[in-house]
Amino acid sequence: MRILTIIYEFPPIGGGGGRAAYDICKELAARGNDVTVLTAHMQGLPLEEKRDDIRLVRIPSLRTQAFGATFPTMLTYVLVGLWTGLRLIYVYRPEIIHTHFAVPSGALAWALSILTGLPYILTAHLGDVPGGVPEKTGKWFRWLEPFTKPIWRRAKKVVAVSEFTRQLALKHYPVSIQVIPNGVDALHLVPAVITLNKPPHLVFAGRFVPQKNPIAIIEILAQLKDLNWSCSMLGDGPMFAEVKHEIEQLGMAERFYLPGWVTPEDVLNRFSESDILFMPSFSEGLPVVGVQALAKGLAIVASRIGGFLDLVDHEKNGCLLDAHDNLAFSQALRGIISRPDILLQFRKASVEKSRDFDIQKVVDKYQQILQSVLNEK
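This one's a predicted model, so the numbers in the text were calculated from it and none came from an experiment. (Residues numbered from 1 in each chain as written. Predicted model: local features only at pLDDT ≥ 70, side-chain atom pairs only at ≥ 80, totals over all residues. Heavy atoms only, no water.)

**Description of the overall build of the chain**
Secondary structure assignment for the chain yields 14 helices and 14 strands. Taking 377 residues into account, the globule formula puts the C-alpha radius of gyration at 21 Å, and the chain, at 20 Å, falls close to it. Each principal axis of the C-alpha distribution contributes one length, and for the chain these read about 65 × 40 × 40 Å. Relative to its full complement of 377 residues, the chain shows a buried share of 58%. Contacts in the chain between residues at least 24 apart in sequence constitute 71% of all its contacts with a sequence separation of at least 6. (Helix = DSSP H or I, 4+ residues; strand = E, 2+ residues; numbered from the N terminus. Rg over C-alpha atoms; globule rule 2.2 N^0.38 Å. Buried < 20%, exposed > 50% of the residue type's maximum accessible area, 1.4 Å probe, protein only. Contact = heavy atoms within 4.5 Å.)

Structure, rendered in structure tokens:
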């Protein structure tokens with residue numbers, strides 16, 4: 001198949017959704033498919049390159065930050081992408097479009113489909129669904145939602161990365177939606193032997209934004225100063241300075257490692273040296289870092305929301321708690337950090353659960369969907 005993937009965030013730009021798309025594209029290309037990705041450019045990146053047999057084409061979008069996109073940058077991506085997309089379709093002759101995120105990438109896929117007749121499938125990641133990340137996109141969707149309905153209706157197939165994302169989307173878009181989780185290369189990520197770190201090491205990975213609730217991490221761990229532990233907070237964003245200040249104010253600078261924005265490889269390396277993924281987020285689709293943490297054999301302590309419901313079996317490979325209940329989080333972490341036997345049990349259970357998210361199984365499903373759409377032509 002000749003596939004044109006349209007996504008406005010693709011590594012090294014963006015977060016987990018882009019990483020999930022990268023893994024899908026890489027495996028599709030490894031299976032002999034011709035994969036071209038149309039994504040956003042940022043200073044320092046080549047406009048075109050080939051990586052892992054994926055043809056990458058980046059278009060100007062006014063983007064200046066790897067960790068965040070504004071409405072003007074998204075709009076620029078769509079407008080400039082129309083011309084570049086038409087050129088790509090003329091030159092490379094793709095048979096089908098796969099777009100990630102209904103907004104803004106889906107708008108570009110919809111327009112190109114109207115102009116060329118190419119069919120497309122849509123993968124929704126939560127932030128592109130009304131109500132998915134209300135603190136970030138609530139104001140946008142108040143006036144944008146009516147314009148998004150044609151994007152969902154025209155898609156030949158719609159995929160959601162979690163059941164939570166699917167149910168939320170169905171409240172706004174009456175279309176058939178299938179769940180396919182984000183996946184990882186579990187075969188190559190799973191450690192041969194799980195050994196606990198001394199002291200136990202916690203890790204957070206994501207954007208430093210209100211949605212991820214990073215300040216709560218410091219507040220919760222401050223209640224556990226009597227225990228021996230260390231913590232890495234990987235990522236960057238508008239709350240980075242506030243997080244750093246809070247850590248210093250509470251006298252815990254020696255306990256924390258804050259490297260700023262890191263590569264996906266850096267995240268995996270840090271996971272290899274960690275024991276617990278700590279994510280008290282207010283909203284999540286199916287976080288790629290959560291799936292990676294499973295494969296790396298980390299216990300997961302997270303909010304009882306979104307995709308974490310698919311990743312964590314409560315008190316088997318971690319704990320799910322109310323995002324607003326800092327006391328419950330501190331009590332759960334105290335029980336895990338102070339009991340190496342429980343921590344080891346949780347970590348081994350995560351490895352077993354990661355088998356359900358193997359990238360081979362995920363791409364098997366996407367390949368079937370893409371082929372079924374082409375068979376209908």
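**Considerations on helix H3 (residues 105-116)**
Here H3 is twelve residues long and its end C-alpha atoms lie 16 Å apart, about the 16 Å a rise of 1.5 Å per residue gives. Looking one or two residues beyond H3, the residue adopting positive phi is Gly-117, at roughly 85°. (Expected span 1.5 Å × (residues − 1).)

**A word on the sheet that holds strand S7 (residues 157-160)**
Spatially, the eight strands line up as an open sheet ordered S3-S4-S2-S1-S5-S6-S7-S8, and their pairing is mixed. Single-partner strands in this sheet number two, and they are strand S3 (48-51) and strand S8 (177-179). Mean inter-strand twist for the sheet, computed between neighbouring axes without regard to direction, equals 25°. When S3 meets strand S4 (residues 54-59), the two strands line up antiparallel, connected through four bridges. What sits directly across from Glu-48, in S4, is Val-57. Packed onto the sheet, helix H2 (residues 71-92) meets strand S1 (2-6), strand S2 (34-40), S3 and S4 and runs at close to 160° relative to S2. (Pairing = 2+ DSSP bridges. Axes fitted to C-alpha atoms, helices over the stretch in contact; angles between N-to-C directions.)

**Section: the nonpolar core**
Within soluble globular proteins, side chains that are nonpolar generally end up buried alongside one another. Ile-6, Phe-10, Val-37, Leu-38, Tyr-77, Ile-97 and Trp-152 are the most contacted members of the largest nonpolar core, which totals 64 residues. With eight residues, helix H14 (residues 359-376) is the largest single contributor of residues to this core. Apart from the residues within four sequence positions on either side, Leu-38 is in contact with Leu-4, Thr-5, Ile-6, Ile-7, Val-57, Ile-59, Tyr-77, Gly-81, Thr-84, Gly-85, Leu-88 and Leu-108. (Core = buried A, V, L, I, M, F, W, Y, C linked by side-chain atoms within 4.5 Å.)

**Looking at H2**
Between its first and last C-alpha, H2 extends 30 Å over 22 residues, near the 32 Å set by a 1.5 Å rise per residue. Gly-81 marks where H2 bends most, by close to 40°. Listing the buried residues of H2 in full gives Thr-73, Met-74, Thr-76, Tyr-77, Val-78, Gly-81, Thr-84, Gly-85, Leu-88 and Ile-89. Two residues or fewer past H2, Arg-93 is found with a positive phi of approximately 55°. (Bend = angle between axes of the 7 residues up to and from the residue.)

**Digging into the sheet that holds strand S10 (residues 230-234)**
Pairing within the open sheet is parallel, and its six strands lie in the order S11-S10-S9-S12-S13-S14. The strands lining the two open edges of the sheet, one partner per strand, are strand S11 (256-260) and strand S14 (318-321). Here the average twist between neighbouring strands, direction ignored, is 15°. Pairing between strand S12 (residues 276-279) and strand S13 (residues 299-303): four bridges, direction parallel. Paired with Met-279 across the two strands is Ala-302, which belongs to S13. Seen against the sheet, helix H9 (residues 264-271) touches strand S9 (201-205), S10, S11 and S12 and runs at an angle of roughly 160° to S9.

**Description of the packing of H2 against H3**
For the pair H2 and H3, interaxial distance at closest approach is 9 Å and the crossing angle is 45°. Between H2 and H3, the interaxial angle falls into the category oblique. As for how H2 packs across H3, the hand of that crossing is right-handed. From H2, Tyr-77, Val-78, Gly-81, Leu-82, Gly-85, Leu-86 and Ile-89 reach across to H3, where they touch Ser-105, Ala-107, Leu-108, Ala-111, Leu-112, Leu-115 and Thr-116. (Parallel < 35°, antiparallel > 145°, perpendicular 65-115°, else oblique. Left-handed = near helix turned anticlockwise from the far one by under 90°.)

**Overview of the side chain of Lys-353**
With respect to the helices and strands, the residue Lys-353 is situated in helix H13 (residues 340-354). Beyond its immediate stretch of four places on either side in the chain, Lys-353 contacts Leu-294, Asp-310, Leu-311, Val-312, Asp-313 and Asn-317.

**Here we look at a nonpolar patch on the surface**
A contiguous nonpolar surface patch, about 360 Å² in accessible area, is contributed by Leu-86, Trp-110, Ile-114 and Leu-115. A per-element tally of the nonpolar patch places H3 first, with three residues. Exposure remark for Leu-86: the relative accessible area of 31% places this residue in the partly exposed category. (Patch = residues over 30% accessible without salt bridge, like charges linked within 9 Å, V, L, I, M, F, W, Y side chains within 5 Å. Areas by Shrake-Rupley, 256 points an atom, 1.4 Å probe, with all protein chains shown as cover. Salt bridge = Lys/Arg side-chain N within 4 Å of Asp/Glu carboxyl O.)

**Some points on the side chain of Ser-113**
With respect to the secondary-structure elements, Ser-113 resides in helix H3. Residue class for Ser-113 comes out buried when judged on its relative accessible area of 2%.

Keep in mind that these numbers describe shape and distance, not what the molecule does.
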